[in-house]
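Structural features, examined
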Amino acid sequence: QVQLVESGGGLVQAGGSLRLSCVVSGTIFNSNFMAWYRQAPGKQRDLVAKFTSDLQINYSDSVKGRFTISGDNAKNTVYLQMNSLKPEDTAVYYCNLRQPYSRSGRMYVSVYWGQGTQVTVSS
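For the rest of this paragraph, the subject is the pattern of salt bridges. Counted according to the given criterion, the structure contains three salt bridges. Residues joined by salt bridges that share partners form a network here, namely Arg38, Arg66 and Asp89.

Spelled out as structure tokens, the structure:
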């Protein structure tokens, strides 16, 4: 079965950096199907970064210029490098996989989530 496991979260001071990792198993890895989301307490889960259909990278305006998404197919891993962290970046960060497939001539997308990793940024 498909499994996503995040790691790398922790406590960091404002202005610091963290690198999150998401290891994917149970399916052929393609980093272009991966994305990062985050959810702060009392808030909805929001997109942080993803690869777009034209293979360019889309970032939330709130993290643009500070966060970088990347993938390593040899390691079945997608990363989120977070620099210049702010207290408002505090959230549980989730790895997301959207896996397209076809069945009986129709297209579908399976959506998978990791368990999340906590990022806390202190002032």
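From this point, things continue past the structure.
Side chains on a regular strand alternate between the two faces of the sheet. Here strand β1 (residues 3-7) shows a clear split, with Leu4 and Glu6 buried on one side and none of Gln3, Val5 and Ser7 buried on the other. Note that β1 and strand β3 (residues 18-25) share five bridges and pair antiparallel. By the bridge assignment, Gln3 is partnered in β3 with Ser25.

So, about the packing of aromatic side chains. Within this structure, the stated rule accounts for three aromatic pairs. Each ring, one from Tyr37 and one from Trp113, has its centre 5.0 Å from the other, and the planes form 70°; the classification is edge-to-face. You can see Tyr37 sitting in strand β4 (residues 34-39) and its partner Trp113 sitting in strand β10 (residues 106-113), a full 76 residues away along the chain. Here Tyr37 falls in the buried class, since its relative accessible area comes to 18%. Ring centres 5.5 Å apart and planes at 20° place the aromatic pair Tyr101 and Tyr108 in the stacked group.

Turning our eyes to something else, we now look at the sheet that holds β1. In space, the four strands of this open sheet follow the order β1-β3-β8-β7, with antiparallel pairing throughout. Here the strands that pair on one side only, and so sit at the sheet edges, are β1 and β7 (67-72). For this sheet, the mean angle separating the axes of adjacent strands, direction not counted, is 15°. Here β3 runs beside strand β8 (residues 77-82); their pairing, made up of six bridges, is antiparallel. Counterpart to Leu18 in the pairing with β8 is Met82.

The rules behind the values
Residues numbered from 1 in each chain as written. Predicted model: local features only at pLDDT ≥ 70, side-chain atom pairs only at ≥ 80, totals over all residues. Heavy atoms only, no water. Salt bridge = Lys/Arg side-chain N within 4 Å of Asp/Glu carboxyl O. Buried < 20%, exposed > 50% of the residue type's maximum accessible area, 1.4 Å probe, protein only. Helix = DSSP H or I, 4+ residues; strand = E, 2+ residues; numbered from the N terminus. Pairing = 2+ DSSP bridges. Phe/Tyr/Trp six-rings, centres within 6.5 Å; stacked < 30°, edge-to-face > 60°. Axes fitted to C-alpha atoms, helices over the stretch in contact; angles between N-to-C directions.

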